[in-house]
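# Secondary and tertiary structure notes
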Amino acid sequence: MFCVLSYVLWLILVFSEGISYYLQADTFNDRFFGNLDPKNLVTSLHAFPVVMGGGLVVLVLLSGMSGMAFYRLGRRGKSDIVRIPATIKGGVVGALLVLMVAVESAPHRLVNYVANYRNSFVVADSPAAEAVYAQINDQPVSRSRLRAAPGRNVVWIYMESLERIYTDNQIFPGLTPNLNRLRSQGLDFTGMESFPGATYTIAGMFASQCGAPLITSPFSAFDAGSGNNNSEDSFQPDLVCFGDVLHAAGYQQVFMGGAPISFSSKGLFYKLHGYDQALGKNELEADYQGKLPKSGWGLYDSDLFDLAIKQYKALEKAGKPFNLTVITLDTHPPHGRPSANCVPYAESPNSVLQATYCSDSLIARFIKELSNEPKFRDTVVVLMSDHLEMANDADPLYPKSYHRRPLFFVLNAGEGERKTKIYHMDVAPTVLGLMGVRTNASFIAGADRSAVGSSDSALTPDQVTYAVLRKILWSSSSGLTICDDDSLLTWAADNMFRLGGRDLKMQERGSMAVALDSDQALTFFVTAKHASALIAKDADVDKLLAERGDASALLIRPLVSAQKDGLFSIDWVGRNGAKAHIATVPRLLGVSIRSPQCRQLIERVDAEKAEKEFDFSKEFSVSTAPRTPELSSLPAVIEFNSNRDLQPYRTEVNWNPPEPWGSWTLREAAFLGFSLPRAQCQRAELEFTVQPYLTASRPVLNVGLIVNGNRVADWTFDRSQPAVQTIKVPVVTDDADCRVNLRFDYSRPGSTPPPYPVGENQTELQLYFRSLRVNASAESSLH
């Protein structure tokens with residue numbers, strides 16, 4: 001039986017990969033799994049009855065034949081077969097399975113695809129990913145905080161697979177005369193590029209409407225909620241998309257497409273994100289008793305546009321601002337299926353080119369009819385490719401070196417060419433800008449690039465960028481459980497915390513942060529499905545909390561004063577504003593906050609009103625890394641050019657990330673700590689190599705060095721001294737554990753108050769540490 005099941009599974013994989021190659025000239029990928037949905041099977045059978053239907057028949061026959069063969073083999077008498085031990089059988093079968101996965105084959109390619117998905121978790125947390133985080137907005141405005149005021153109306157036409165190459169007269173002369181004429185009358189975005197997660201219809205729609213790629217995966221277990229078809233989770237219900245913005249602005253919105261509305265779950269997507277109606281084949285032909293002609297995929301574009309003009313007139317008469325979104329179908333690969341009564345394209349009998357030529361005339365006729373309507377001049381018209389062509393009959397006609405791009409241009413919103421590099425993710429904010437919609441909406445990976453001189457998108461369509469976006473979107477789509485295993489907050493890795501099953505980076509505006517400034521707070525916003533980390537000015541925290549919507553927050557604030565020597569206060573702010581003090585900790589490194597009643601305590605705070613306050617410091621057990629790690633022997637050297645080397649030494653307040661030659665301190669105080677070896681306890685000599693930050697507006701820096709609460713040295717730096725200095729300080733500690741807690745207090749006598757002159761670093765940089773050498777003192781006590 002195991003052999004039969006293995007063989008059938010192998011047949012299914014081969015059959016599935018064959019269909020994938022037939023439709024998109026590629027093996028298992030996001031497009032394949034994004035459309036791997038039983039609801040799509042009926043449409044596929046209508047579109048490709050011979051390939052899909054015949055393939056299923058062959059699959060069933062081969063599976064049945066193999067099952068029958070193994071059954072008959074098992075029924076043979078003992079005298080007819082040689083008895084083989086079960087261990088040998090198992091070994092042979094196992095070896096065959098390993099061989100099937102190891103050699104180039106359908107199972108091998110599937111395993112590689114899944115392995116790449118698993119590797120994306122590592123890639124998203126690699127050093128290379130930090131630059132990507134700096135270019136994206138991982139804290140977009142939530143739907144609960146969304147505000148919008150209406151602008152102009154919009155008609156949005158997705159042109160199925162109709163990419164820019166078809167408008168190039170040198171390659172396809174006279175193929176799209178109407179689209180070329182319309183482009184010359186509108187705003188043409190010639191810098192449009194394709195991006196992973198926008199390479200098939202529903203993905204292109206999602207990316208262009210939601211400002212982020214559509215992320216799916218082969219198995220839901222691998223992406224924490226986004227399954228192997230387009231579910232509500234994969235459409236990011238908490239994300240603000242184009243339709244959500246217009247819904248908030250009072251628009252009436254309708255989507256129309258000739259395919260069944262269930263295909264790729266398009267109806268679910270549009271209704272989930274603000275559209276009032278999503279109309280597909282069955283809904284559109286309801287008044288025609290199902291007698292409209294069909295291409296296999298669905299209704300022909302000629303009938304779709306006839307119905308769309310009627311819908312436009314109905315929206316126009318309703319008196320509200322409106323959005324009519326339409327997608328064509330005749331040019332769907334791999335074979336074009338042009339509407340009847342279109343004039344043939346004289347240059348080639350190719351079916352895809354015939355369908356493209358037909359669509360060109362139908363789109364022009366539709367826009368001509370729109371132009372006769374009274375509100376047309378107040379209507380922005382968007383025309384764009386849903387994605388680049390997949391495998392199709394016109395493939396052999398494409399020049400091999402041609403740089404293929406999606407087509408995107410806008411009518412009634414100005415004229416000219418925009419060469420700015422943009423992706424599908426930039427389309428929604430760009431269209432909103434052209435419509436004049438006023439909104440606070442923001443998008444993860446997109447921006448309004450409609451203005452002359454707009455900057456190129458800084459994103460690159462590579463593995464690292466896609467992995468980072470995948471991680472952000474997966475975190476948004478899956479459920480979140482606070483206090484899993486009784487743990488509220490733990491240290492996960494270098495500058496990362498684990499909260500509710502999420503690994504959250506300590507970063508500021510996308511850049512790695514190794515410490516908090518004394519006037520900052522590390523804020524974790526927590527909803528039922530999402531957790532995010534944000535470093536903000538302490539003075540801005542109340543405003544952020546007021547705008548957070550239905551979210552709780554965990555706040556970490558440094559406590560820097562004579563009484564609070566670099567401690568951190570950790571507090572929970574409930575959804576309604578109630579507050580609970582959780583703990584005061586000496587360090588963030590290695591922090592762990594746990595309680596058997598963790599979930600009940602947090603839920604209690606979330607349920608209370610704003611004026612309620614709690615002290616749970618005795619309810620939670622807290623641990624951290626040692627405040628002062630022990631130096632193994634003297635002399636010892638502490639270098640300041642590596643965060644990993646510096647982390648043990650309590651540099652979590654007012655330190656900047658290490659640079660190749662050291663690390664800056666800033667603000668009014670900075671901290672460092674270690675323990676002397678037991679054999680050389682109580683006395684040592686510290687030898688600092690430092691460089692002060694001195695400018696014309698800040699020409700003097702005073703530094704007070706405090707050891708274990710006692711002031712032991714005062715340094716004064718001015719511009720007459722060498723830039724880099726070495727300073728020796730003897731220290732004595734009476735601490736029983738040989739601990740040396742260092743505090744550096746900074747002051748700037750006679751400095752100019754901020755803002756500082758143009759061209760001068762506005763950060764309150766103080767002292768640049770290059771190294772610290774801890775030498776044994778001649779008077780050290782020996783134990």
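First, a word on what this report is: a plain description of the structure on this page. Everything numeric here is computed off the predicted structure, so don't read it as measured data. (Residues numbered from 1 in each chain as written. Predicted model: local features only at pLDDT ≥ 70, side-chain atom pairs only at ≥ 80, totals over all residues. Heavy atoms only, no water.)

## Brief notes about helix H15 (residues 427-435)
Selection rule: Buried, partly exposed and exposed residues are distinguished by accessible area as a fraction of the type maximum, computed with a 1.4 Å probe on protein chains only: under 20%, between the cut-offs, and over 50%, respectively. Numbering goes from the N terminus for both helices and strands, where a helix is a DSSP run of H or I of at least four residues and a strand is a run of E of at least two. In this analysis, two residues are considered to be in contact whenever any of their non-hydrogen atoms come within 4.5 Å of each other.
When you tally the buried positions in H15, you get eight out of nine residues, the bulk of the element. By the burial criterion, the buried members of H15 are Val 427, Ala 428, Pro 429, Thr 430, Val 431, Leu 432, Leu 434 and Met 435. Residues of H15 that are buried make contact with strand E2 (153-159), strand E3 (187-189), helix H9 (201-210), helix H10 (242-248), strand E7 (379-385) and strand E8 (408-411). Gly 436, located one to two residues past H15, shows a positive phi value of around 80°.

## With respect to unusual backbone geometry
Following Leu 634, the chain continues to Pro 635 via a peptide bond in cis, the omega torsion being 0°. Following Pro 754, the chain continues to Pro 755 via a peptide bond in cis, the omega torsion being 5°. Tracing the backbone shows Pro 755 in the loop between strand E31 (739-747) and strand E32 (765-776). Its identity is not glycine, yet Asn 708 carries a phi of approximately 50°, on the positive side.

## As for the environment of Trp 664
Mapped onto the elements of the fold, Trp 664 is located in strand E25 (residues 663-666). Note: C-alpha distance between Trp 664 and Gln 766 (102 residues apart in sequence) is 6.8 Å.

## As for the state of the cysteines
To keep it simple, the criterion reads: Cysteine sulfur pairs qualify as disulfides if the two atoms are within 2.5 Å.
Inspection of the entire model under this criterion finds four disulfides. Residue Cys 210 pairs covalently with Cys 241 via a disulfide, S to S 2.0 Å. Its S-S torsion of approximately 105° makes the covalent link between Cys 210 and Cys 241 right-handed. Residue Cys 210 is found in helix H9, and its partner Cys 241 is found in the loop between H9 and H10; the two are separated by 31 residues along the sequence. Its relative accessible area of 0% is what places Cys 241 among the buried residues. A sulfur-sulfur separation of 1.9 Å characterises the disulfide bridge that pairs Cys 342 with Cys 358. In this structure the cystine formed by Cys 342 and Cys 358 twists about its S-S bond by roughly 50°; its chirality is therefore right-handed. Of this pair, Cys 342 sits in the loop between strand E6 (322-327) and helix H14 (351-371) while Cys 358 sits in helix H14; the two residues are 16 residues apart in sequence, bridging distant segments of the chain. By relative accessible area, which is 21% here, Cys 342 ends up partly exposed.

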